[in-house]
Every structure is written in structure tokens, then in C-alpha cells.
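Residue-level listing of the chains:
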Amino acid sequence: MATEHATKAAPHGEMQRRRKMPPEANIFVVLIGIALFFELLGWIFVKQSFLMNTQRLQVIILQVSVIGIIAVGVTQVIITGGIDLSSGSVVGMTAMMAASLAQTSDFARAVYPSLTDLPVIFPVAAGLLAGLIAGLINGSLIAFTGIPPFIATLGMMVAARGVAKWYTRGQPVSMLSDSYAAIGTWIWPVVIFLVVALIFHIALRYTRYGKFTYAIGANVQAARVSGINVGRHLIKVYAIAGCLSGLAGVVLSARAISGQAGMGVSYELDAIAASVIGGTSLAGGVGRITGTVIGTIILGVMTSGFTFLRIDAYYQEIVKGVIIVAAVIIDQHRQRKRRKA
Amino acid sequence: MTSQSAMRAATNGAATANSEFLLQVEGVRKEFPGVVALDDVAFRLKPGTVHALMGENGAGKSTLMKIIAGIYRPDSGSFHLRGKDIQLTSPLDALENGIAMIHQELNLMPFMTVAENIWIRREPKTAIGFVDHAELHRKTASLFKKLNISIDPEIEVRDLSVANRQMVEIAKAVSYESDVLIMDEPTSALTEKEVTHLFEIIRGLKSQGKGIVYITHKMNELFEIADEVSVFRDGRYIGTHGAASVTRDDIIRMMVGREITQMFPKEVVPIGDVRLSVRNLSLKGIFHDVSFDLRSGEILGVAGLVGSGRSNVAETIFGVTPATSGEIWINGQKTVIDRPGTAMKHGMAFLTEDRKETGCFLILDVLENMQIAILNQGFAKAGFVAEAEIARNCNQMKEALRVKTPDMHERVENLSGGNQQKVLIGRWLLTHPKILILDEPTRGIDVGAKAEIHKLITRLAGDGVAVMMISSEMPEVLGMSDRIMVMHEGRVTGFLDRAEANQVKIMELAAH
């Protein structure tokens, strides 16, 4: 009886189309559009193909993998209605710490002369652990003191960068072992990014953790009354985001075969941009990892495309800024339309 | 634009325009994706009258008023204000035409003063363009004097009670010298005394020849204040009658299109052991020394004026705001309830007062809203949710409660208030509660859904659930409860048995 009432009024085809199309379809079309746009401009201005170049495609994905790993964590934070500004600094901090445990004994001025030639698991674990701790601090501050996530993670952003610089008094950490550097070679960064994305895609869609994450973002008060331990859950989400930043720090330092205190500056903004372009709503309660993956690739294609067209890096940043704002405007427009409906 | 509207007036407006009416609306149609919200609806408001709008939620009365206030644009229809054809494009446009709407959700800026709120965008200026505060104060004071409102114009709105904010909203609408004032359930957050004051103000406005549209669900208010009543059902206009010439039953019949045989299907069921026992429970500064027992099969009604602490007691028992002193015993065991999760482990469920603020996840779908409370109750293996099993349970609950939704993946914000409430009740019933706390279970929902919920509460009590029901609606409390606890200013002022309870006795205890 109830369904009859609703379907009678609704045009049948539209109803079904709305069900079948995943929300990522739109953003995927945008990705294809941008790629074809560069392809076209490529033939006009540089007389070569943008897409028919496997090496370029590899580089695109390789370059965005680090941002992508961070963005997977940041997306979850944003779904809870929060924000994480500390990711970039945590990348820098964990890159330093991980690299310091990955040095070879050939190097006379190692950070820990007695801890050289360690198995690769140690630096990796150290990086993840350092990121996890930073995330736990973020989450605990938000859960126990009630300060806004913006402020808590802004504090961590400044402090973690400080730790990164203090750690070696600003000196880069170099001469890393081959086994550590291997993490950053071949397509390992891409594999790590996609595995991480898959794990959290499944976690968000099929586990209690995921359902609670969306519920908190949709209405934190209702979530609390429904018996969700909101504080504990937020700590988990921020800890995961921190841990993923740590992983990004490991991958980045392995790729560069060195740890530098300035690594990851402004990566948090790229990660937030990737999430938002991918359809995650800053108002909370909405967002998918698949969208974030596509959003990340869009950022990469744009960077690569501009370089390909030999457009000045300054213009690149200007255009990137415009695109981020445009994505949010479109998102809000969609929400407004929905609310009217 | 002008030629277009002139043409419309010529084709369908002029023939029906009648200067007897302050506002005349004919043939309005409005579609939203998937729903026809209004279909060929008419509405005629006479000057100097209070015109009540009645209808179940989703009947279209709020949509119609939002069109008249310029918030929505109609798909078709003619609009005449004092016989003149109008087309409103925005709320500001409506205001400038003399139509003001006072929303259910109040739209004031909390950190600005009362006077600033009222005259925003129209502030009196000094010679050099600064805001003339003395004049602002004077204008506000004289406006308040005219309306017999006693609020300091210089106080910040956040320091006002809900009732006083409502008064400020009304004063603001009056300050536009609006001829048409639309009030959407203005009394839902007001105490009896405040309602009386509001009605005085309404009568004053009426005597000045203004037309007042009054949306309400409360039948007794209708007979007290309205001159005419229009009824809507399922997006259609049913009819308009003089308030003096219809009875309560007539209106209910028009609203639901069927007779409601039994308003309160209360059955006497055997009352069992004490499930919940509260001893000297206090929340510092909010309520003190609350003690009562709640037995299995019993419905304990909780009455009291808004602000008496009724809802706070419920929130404390459920662990939303843990008690500062006192004891809670469940099934004879002393228990510390520090958060809702603990209360749920002890078999409690709590339907909150405010559906939108603390109940629904508006942007999530029906399934996601229903399943949230049972996710911690064995419906997950190693964290992975048993999707199929949960979907089956939720679907059964949806059918049992007769939730009207296209499917389980419809966003809850697209459901009517009554259906949202059913989804929330479903959320809690899935947990199989032993102690059920209901705070205003039927507030703002239509008569049909109300009766269904009352029937459900009765059935649950019959199954041995202990029910605590907070309600501001006297007939509901009297009709449903085995026992009534009355509160006043944070203290329990008395208990009344079903047999001895009546409206007068409750009010005596509530007003103390």
C-alpha cells in the first residue's frame, strides 16, 4: 500500500536510474573529461598524445599515491564531520623517524649509530606508530576536551612539524638501506595506496565501524543517544588517519631515499581537496573511498597535464585552487537541491 | 514578467478574484520529485480573522504556506492580495507585499539584541550613516507596548526563553506592517500561560483587521482562537468551515477521511514487578530528589509544564546527562548509568523529544536510521555487520509499524514527521526493550499516526514492557497512563492514579 502510493507519483524510470547509478559516476565522468581535455590540447599544442604514454600514466599514479594514502584517512575524518589539518606535518615527522631507523652502517654520521642495518620492519613500524600516536592525541583532545577538530589538528600540525625539525636539528636523514628504499620503487606505492583504499572502502561500507562513522557525521547527538560511544569512536577515526599519515611518511621517505623535515608540507590540503572533489561533504555524514580515489587521480592528472602542456607551475596552483572551490560549490548546490526535494 | 502576470490574471485570476478576501489563492499545484505535494488547492483568507489550517502531516498545509510566504515557487496557481494579482519570488518579496511567516524553527540571530533582530536591514540611521541606537530602542519599545510584550529591547536574543523568542518573531512580523501573518505551530514550545498571552496578541492583531493563518495540530486551540478552519488531506483542499459550526469529530473525519473510533486504545493489563526504581535522583540545578517506581506492564505518564524538568529526568535515567546524585535500580539491582550504551545494556530504550535534533539521521536512509541501535547487539561478526539479517528485521519492523516510504533506501528527511517518528520507534523496538522511555511520542504528527502509536504503546505494555511516557498533551496523558507523575520546576509534585486523574488535578500539581 505504501509503496504503491510513492511509485504512482514518481516517474518510474528516474527512480530506477537513481538507484543504479553510484554517486561516483559523476566524478568519474569529470575525470574522463579532464583527461580527454588534456589529450585534445596535447595534439593541438605539443603534437603528442597525453594518454597514450604508459610511463606518464604510471608517474601520475605514483605521484598521487602518497596523497591518496593520506586522503583515505582524511575522508573518514571528514565523514564524522571533522577535519584533519595535521596530516602533512605528521608525514614529515614520521618520514624523519622512520628514515632514522633505516640507515646503513656505511654511513658514519647515522642518527642512531648503534641502530643501523635493521630489518625493514623496524623503520616501517616506527613510522606507523609515530603517526598512530599523533592521531591518538588528536582524537583524545577532541573527545575529552571538546575542542573543535580544526583547532586540535591545527595544534598538531604546528607541533608535529616542530618535532620533525627538532628530531635531527633540521638535518636530512640519508643513506637509507636498499630494502627500505624498495618500498618506494616499482609500483609499490600504488599497490599500498590501493590496498589501503580497498580495506577502508570495505570497513566503511560493511562494518559497524563504518556505520558508526556515518552516523556520527550525520547527527552526533542522535548517535550518542543511540548508544554509540562517540568519543571512543572519534579517537579510533583520528588514530587511523594518523596511522595512514605515518604510512605515507614511510612511503615518501622510501621514494626519496631520505627523510627531510620539510616533507609533506601542505599535503593535508591536497588530501582534503581529493576527498572533497570525490564527493565527501564537509558537513559530515557523506563520502566514499571510491570517490576519494577518483578525486586523488584527478589531482594527479591535472598536475601532470599542466606539466605536459608546459604550463607554469604558478598557474597550476591557481587552477587547482579554483577547482577545489568549484567542487565545494557543486556539492552545496547538490545538497540544496536535495533539501528542496 | 508584468505582461505575463497580467495575462494570467486575465485568463484565470480575474474571474475568481474577490475583494471580500484579503488573500485569495486558487488552483495551486506543486510537485516535488516523485511527489505531488499540492494539487488544485484553494485558500481564502478574510481580513480580521484567524484561519486555522488542519491536516495530517504531509497533507500539504506547510507547503502551501511556504508558497504563500515566497519560500517555494508554485508550478501553477493564482494569487490575489486585496484583489490584486501577485507573484511572489522570495520571502523578502512576500514581506514587502505584507505577508510574514513565523516559522516553527525560529530564525533569530542569537548574538544580536532584540531590537537589532527586529529592525535588521531597516535600521534607523543617523545623519552620517551610523545606526541610530536611541531611535532603534524607541521604535522597539513602542512596538512592544502596542503588542503588550514586556521584553528588554537591549537584551541579546540568546538570553531569551523560547517563548520570548517567539514573541520577538511575532513583533518582527508585525513591524513589517504585514496584513497576513502565518504562524506555523506557534504554541508547540509554549507553556499554558504563554499561550494565553499569545492568543491575546493574536486577538489584538485580528481587531486591527489583519488576517492570521494558524497552522496547528491542537484541536482545543483551534476552537479557542480560530474563526474559520480549512482542512487539507493528501495535498488536496477538503473544505473550509466556520469554527463555530463544526465539531472536533467533523474535523478529524475531514482530516483522515475516516472515523477514528477509539482515540486512546488503553487496555488494562496485569502489572508486574518493579523494573525501574529511581531514588532521590538529582541533576544539579535542573531537577532534585526525583523518586518513583516503574513496573512491567505499567504506563507511567509524566506531566508538567515545559521547563519542569521532565525531559531532563528521562535523559538522566538513560545516561545522556548522568545524575549528580541519587540511585537508579533496575530489576532490583543498583546500577550506575553513565552513558546511553550502559542504559541500553540494561534493556532501556529512549525515544527523545526532538526528532530532528537528537533522533533522526536526516541525511541517512530508513535502513541506516533503524539499524543503528542494534548494531551493538550481536548483529555483527568480527565487526562486519550481518546485512541480510538486519535488513530482514528492519523490513519486518517497517511493515509492522506501517512506515510509508518508497523503500528502505529513502532518505529519512524525505519522510513526513509521523513516518520519521515510526522509524525512530522501530529503531528502539528492534532492541526489544524492557523499559521504554517515550518523550512526546506523538508531538507534531498527524491524527492517524498518533492513533497507531497509541495502539502500539498499549500493545507493548501488554507484552510486559515498562513504559514511561512524557507528554504535554493532557488527553494523551489522561488517556494512556496507569499512573501520572506530575513535575513542577524540577521537583515531583505528586502522583495521580488513572481513576482519580483529571485535567484540573494535573494542572493544579503542574502549576503548584
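So, how was this worked out
Residues numbered from 1 in each chain as written. Chains lettered and ligands numbered in written order. Predicted model: local features only at pLDDT ≥ 70, side-chain atom pairs only at ≥ 80, totals over all residues. Axes fitted to C-alpha atoms, helices over the stretch in contact; angles between N-to-C directions. Helix = DSSP H or I, 4+ residues; strand = E, 2+ residues; numbered from the N terminus. Parallel < 35°, antiparallel > 145°, perpendicular 65-115°, else oblique. Left-handed = near helix turned anticlockwise from the far one by under 90°. Contact = placed C-beta atoms within 7 Å. Nonpolar A, V, L, I, M, F, W, Y, C, P; charged D, E, K, R; others polar. Pairing = 2+ DSSP bridges. Buried ≥ 20, exposed ≤ 12 C-beta atoms within 10 Å, placed from the backbone. pLDDT = per-residue confidence, 0-100.

J.: Would you explain the packing of helix α14 (residues 387–401) of chain B against helix α15 (residues 417–429) of chain B in this entry?
T.: Packed helix pairs are characterised by how far apart their axes lie and by the angle those axes make with each other. Residues and elements named next belong to chain B. At a minimum axis separation of 10 Å, α14 and α15 run at an interaxial angle of 130°. The angle between the axes of α14 and α15 places the two elements in the oblique class. In the packing of α14 onto α15, the handedness of the crossing is right-handed. Every residue of α15 that contacts α14 at Met397, Lys398 and Leu401 is listed here: Lys422, Ile425, Gly426 and Leu429. Class assignment for the residues of the contact of α14 with α15 results in four nonpolar, one polar and two charged.

J.: Even after reading the chapter, I still don't get the sheet that holds strand β3 (residues 50–54) of chain B, so can you show me in this structure?
T.: Strand pairs in the sheet, formed through backbone hydrogen bonds, run parallel or antiparallel to each other. Residue and element names in this part refer to chain B. Spatial strand order, β6-β7-β8-β3-β9-β10: six strands in an open sheet with mixed pairing. Sheet topology places β6 (99–102) and β10 (236–242) at the edges, where each strand pairs with a single neighbour. Ignoring strand direction, the axes of neighbouring strands in this sheet form an average angle of 20°. Examined bridge by bridge, strand β9 (residues 228–233) and β10 share six bridges and lie antiparallel to one another. Bridging across to β10, Phe232 finds its partner in Tyr237. Here helix α7 (residues 192–207) sits on the sheet and contacts β3, β7 (180–184) and β8 (211–215); the angle it forms with β8, its principal contact strand, is near 145°.

J.: Looking at this structure, how should I read the interface of chain A and chain B?
T.: Quoted interface sizes are often the accessible area lost when the parts come together. Across the contact, 26 residues belong to chain A and 34 residues belong to chain B. Within the residue set of the side of chain A that touches chain B, elements represented by two or more residues are α1 (2–9), α10 (208–218) and α11 (220–225) of chain A. For the side of chain A that touches chain B, a count of residues per class yields 13 nonpolar, 10 polar and three charged.

J.: Would you explain the packing of helix α5 (residues 87–100) of chain A against helix α12 (residues 230–256) of chain A in this entry?
T.: All names here are of chain A. Following both chains from N to C, one finds α5 and α12 inclined at 55°, their axes separated by 7 Å at the closest point. Considering their axes alone, α5 and α12 lie oblique with respect to each other. Pair α5 / α12 crosses with right-handed handedness. Contact residues: Ser87, Val90, Val91, Thr94, Ala95, Ala98 and Ala99 in α5; Ala241, Gly242, Ser245, Gly246, Ala248, Gly249, Val250, Leu252 and Ser253 in α12. Grouping the constituent residues of the contact of α5 with α12 by class yields nine nonpolar, seven polar and no charged.

J.: Explain helix α2 (residues 61–68) of chain B to me, please; I cannot follow it from the model alone.
T.: It helps to recall that an α-helix has 3.6 residues per turn; residues three or four apart then point in one direction. Residues and elements named next belong to chain B. The buried count for α2 comes to eight of eight residues, which makes it a mostly enclosed element. Buried within α2 are the following residues: Lys61, Ser62, Thr63, Leu64, Met65, Lys66, Ile67 and Ile68. Looking at the residues trailing α2, positive phi occurs at Gly70, about 80°.

J.: Hey, could you run me through the environment of Ser258(A) in this one?
T.: Residue and element names in this part refer to chain A. You can see Ser258 is positioned in the loop between α12 and α13 (267–277). Ser258 sits in the buried class, given 20 other C-beta atoms within 10 Å. Separated by 158 residues in the primary sequence, Ser258 and Ser100 have C-alpha atoms spaced 9.0 Å apart.

J.: How should I be thinking about the confidence of the model for chain A in this particular structure?
T.: When pLDDT is averaged across chain A, the result is 85; 90% of the residues are at 70 or more. Here residues 1–19 of chain A scores under 50 on pLDDT; set against residues more than four positions off or in separate chains, the count is 15 contacts.

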